[in-house]
Amino acid sequence: MNKIFLIIQREYITRVRKKAFIVMTLLVPALFAGMFAVIALVANEKDQTMHVVYVIDNNGSFKFTDEPFVKFIYPGGSVAAAKKNLKSDDDLVLNIPANPKDTVQLFARKKTTLSLADDLQGKMNDIATGEGMVKAGIDTARLHKIKSNIVIKSTEMTATGEQGTNIGATYALSFAGAVLIYMSLFIYGAQVMRGVIEEKTNRIIEVIVSSVKPFQLMMGKIIGVGLVGLTQFILWITLSAGISYLVGGHTSPTNSALHSFLHNLGANAGYELLCFIFYWITGFLFYSALFAAVGSAVDSETETQQFMFPITLPLLFTYILSVSYLFTVPDSPLSVWLSMIPLSAPVAMMMRIPYNVPGWQLAISMSLMVIGFIFTTYIAARIYRVGILMYGKKASYKELAKWFFYKE
Amino acid sequence: MLSIRNIVKQYAGHTALSDVSLEVKSGQIFGLLGPNGAGKTSLIRIITQITAPDSGEIFFNGQKLDQSHIERMGYLPEERGLYKKMEIGEQMIYLARLKGLSRDEATKRLKVWFAKLGMETWWKMKIEELSKGMQQKAQFVATVLHEPDLIILDEPFSGFDPVNAEIIKNEILELNRKGATILFSTHQMESVEELCDAIVLLNRSKKILEGPIKDIKSAYRNNIYLVEYEGQQVGINGAAPFEVVTETAGEDNLHTVKVKLKAGSTSNDLLQYLMPKTRINMLHEVIPSMNEIFIEQVSKIA
């Protein structure tokens, strides 16, 4: 037990110290922050140029009020004269016909920005509507008072009572979780495999297994790499959260969308995070045992292809189905089965999580994951103990089966 | 120290060891000999508990071999290897800790060894920065750092230049003097004659020869003597108690004759026959070398 701890420690420390790990750990939150910064910048980048709008109001009822960057002037006279008198490229001429239902024209020397045109259109509509109401005898002041601002908040009825959901946020989170699991199973699983191949080709394996049991070495490596993965996630989440807090703190009004997003995750986030951690850990143990067995069976990484393909296929299949199928019909028999079978469950179940998976399904899926990784670890350990000492023998599936049945 | 009884190990296609038994006494330097594929590595892997035998038993100091004995063994495999990217000091402490040493103790001992073998400057170096010979030296230290009672060395001298091979040989002898039992497998018969107290010769999974070197060699004495005399060439007739195998005449009237004693004769008879006829400079028995015994035994069976 003490020795397995030593192995975990070595695997962990040598990996965490690597430049690649440090770069990745810093780079991802930096990219995240960069993305935020761009969004914040874009949101802040409002039209800051001064526009002067020369209004030719043939109708006579459109009285605009000046704004910080838009000034309204009523020059009188003809449209053609106003057009000729434009001083700057940023100035415009607004030609309002006697009947505002006819086309209103906006002239400028260069293309007008959409937001400005929109803005003017909105203002005119407001004025016209108000005018119309007044003419029809409607008290606009009273109307403004009773005008409501309705936002739909979807509420889900469950056995435990009604709970508020923000569908977008929970989906996004579970989808991100599924993608993260999918990617990291490959990234860290491959690390386990490469580690095994390295020990084998280095020939240090014989020294190590004369001190510890092959099973201890394999588990030590798997757990060590797993902890590296967890460390990376934790660092990513804390660093990203820290950065977004800092960025968010400075640009709070513009990032209200983000704030409400985070706020809406609320209670669901905890549940999803727990599921994510569970499926990440069990999925990692499940797959990396298989990866370790593959690593032990080959002499170099190039030979791994024939074994990697069938191992990764179910996960790839589930991943491809995730958006198009699992999200749209999360309760179909195929979706349920995919979320039960340990090969595909880590991704499939993460996708189904926001749809309130029945407790018994979750329980079965989770127990199968645990049984699954114990089973793959058992098989992998039996292949591994023989494989690591085999050199120059081209491993086939038949050969692996033979190794499995070898006595100690 | 190590008692190996009726070990059988079979792999899918072939038998690696069939009914091999041997005894290694405490304090011995024991040679495990045999041509390639004889089953030496299989036997070593069973002793180091990397694999288990199909049948048969091994006793370590009278106790049945189990996990607890692992820490009392040091094993240097034929195919050397260390983690290429790891610093050498850290790596060797790791290996020693896997053998049950504490970090402090391992560090202390490692410093002593590094000083002894002139490796102090290597501590922070990575294995891949060292030459092959240096790696071998480091690995030897890793093998013996935990002061094992039984040191198993598979071809310990391969890859060393003569100077370093001598250093390692002396270290092995010193460890042996301090009480370690040494089991080593090799093809180099000179080192066997020089170092080993006893040997076992394996061929095609079977033990074909065993015992102390002295006994084996005397068992292979075949009454051949080498005589050097000075003066005229001596005519040897049928009355002589020996037969001439080869005869060579050297410079200054020196003659060297290789003779085989007839049955029942001794070297004294040989001297008595020759003494009246010439002046004898030297007489010694020709004892076959381990190399000759090895080749004879292995090719006899093949």
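What you are looking at is a predicted structure, and each value in this text was computed from that prediction instead of being measured.

**Student:** Explain the domain arrangement of chain A here, please?
**Tutor:** In many reports, interface size means the accessible area that the parts give up when they come together. When cut into domains, chain A gives domain 1 (12-40 + 164-405) and domain 2 (51-146). Of note, the centres of domain 1 of chain A and domain 2 of chain A, computed from C-alpha atoms alone, are 59 Å apart.

**Student:** Got a minute to help me understand the interface of chain B and chain A in this structure?
**Tutor:** Taken together, the 21 residues of chain B in the interface contact 18 residues of chain A. Counting residues per element, the side of chain B that touches chain A draws most heavily on helix α2 (residues 88-98) of chain B, which supplies 4 residues. Taken together, the residues of the side of chain B that touches chain A sort by class into 12 nonpolar, 3 polar and 6 charged.

**Student:** I keep staring at the sheet that holds strand β13 (residues 254-261) of chain B and nothing clicks. Help me out?
**Tutor:** The strands making up a sheet associate through backbone hydrogen bonding, with each pair oriented either parallel or antiparallel. All names here are of chain B. With respect to topology, 4 strands assemble into an open sheet ordered β12-β13-β11-β14, the strand pairing being antiparallel. Only two strands of the sheet have a single neighbouring strand rather than two, namely β12 (242-249) and β14 (279-285). For this sheet, the mean inter-axis angle between neighbouring strands, taken without regard to orientation, is 20°. Two strands pair when backbone bridges link them, and strand β11 (residues 224-230) and β14 are joined in this way by 6 bridges, in the antiparallel orientation. Residue pairing for β14: Y225 is matched across the bridge by E285.

**Student:** What should I look at first to understand the pairing of strand β7 (residues 150-154) of chain B in this one?
**Tutor:** Along a regular strand, successive side chains alternate from one face of the sheet to the other. All names here are of chain B. The element β7 is largely enclosed, with a buried count of 5 among its 5 residues. Note: strand β6 (residues 73-76) against β7, 4 bridges, orientation parallel. What sits directly across from M73, in β7, is L150. When β7 meets strand β8 (residues 181-185), the two strands line up parallel, connected through 5 bridges. Bridge pairing in β8 places I151 opposite I182.

**Student:** Any chance you could explain the nonpolar core here in plain terms?
**Tutor:** Nonpolar side chains tend to gather and get buried jointly when the protein is soluble and globular. Counting 127 residues, the largest nonpolar core has A292(A), M350(A) and M92(B) as its most contacted members. Broken down by element, this core gets its largest block of residues, 15 residues, from helix α9 (residues 256-297) of chain A. Those residues in contact with M350(A) that sit more than four places away from it in its chain are S174(A), G177(A), A178(A), I181(A), C275(A), F276(A) and Y279(A). Residues Y54(A), I56(A), V93(A) and L94(A) belong to the second largest nonpolar core, which totals 10 residues.

**Student:** Even after reading the chapter, I still don't get the environment of K3(A), so can you show me in this structure?
**Tutor:** Secondary-structure assignment places K3(A) in helix α1 (residues 2-16). By the C-beta count within 10 Å, which is 19 here, K3(A) ends up partly exposed. The contacts of K3(A), once residues within four sequence positions are left out, are V212(A), Q216(A) and L98(B).

**Student:** Which parts of the structure should I look at to understand the packing of α2(B) against helix α3 (residues 103-116) of chain B?
**Tutor:** Axis angle and axis distance: for two packed helices, these are the angle between their axes and the distance between the axes, and together they describe the pair. Residues and elements named next belong to chain B. As a packed pair, α2 and α3 sit with axes 9 Å apart at the nearest point and diverge in direction by 125°. Our classification of the angle between α2 and α3 gives oblique. Judged by the sense of rotation from one axis to the other, the crossing of α2 with α3 is right-handed. Within the contact between the two elements, α2 uses G89, M92, I93, A96 and R97 and α3 uses R103, A106, T107 and L110.

Quick notes on the rules
- Throughout this document, residue positions are counted from 1 along each chain, in the order its sequence is written.
- Here the convention is simple: chains get letters from A, ligands get numbers from 1, in the order in which they are written.
- Thresholds applied to this predicted model are a pLDDT of at least 70 for local features of residues and 80 or more for the giving and counting of side-chain atom pairs; totals over whole chains, interfaces and linings are not thresholded and use all residues.
- Note that the domain bounds were set by an automatic or database domain assignment.
- Note on contacts: residues are paired as contacts if their backbone-placed C-beta atoms lie within 7 Å.
- Comment: elements are numbered from the N terminus, with helices defined as DSSP H or I runs of at least four residues and strands as E runs of at least two.
- Under the grouping applied here, Gly and all other residues not named as nonpolar or charged are polar, the nonpolar ones being Ala, Val, Leu, Ile, Met, Phe, Trp, Tyr, Cys and Pro and the charged ones Asp, Glu, Lys and Arg.
- At least two bridges found by DSSP between two strands is the condition for calling them paired.
- Orientation is described by lines fitted to C-alpha atoms, with helices fitted over the stretch in contact, and by angles between N-to-C directions that extend from 0 to 180 degrees.
- Exposure in this text rests on C-beta crowding, where 20 or more other C-beta atoms within 10 Å of a residue's own make it buried, 12 or fewer make it exposed, and counts in between make it partly exposed. The C-beta atoms are placed from the backbone.
- Residues of type Ala, Val, Leu, Ile, Met, Phe, Trp, Tyr and Cys that are buried and joined through C-beta atoms within 7 Å form what is called a nonpolar core.
- Angular relationships are summarised with four words: roughly parallel below 35 degrees, roughly antiparallel beyond 145, roughly perpendicular across 65 to 115, and oblique for the angles in between.
- In this scheme, a crossing is called left-handed if the near helix is turned counterclockwise away from the far one by less than a right angle; it is called right-handed if the turn is clockwise.

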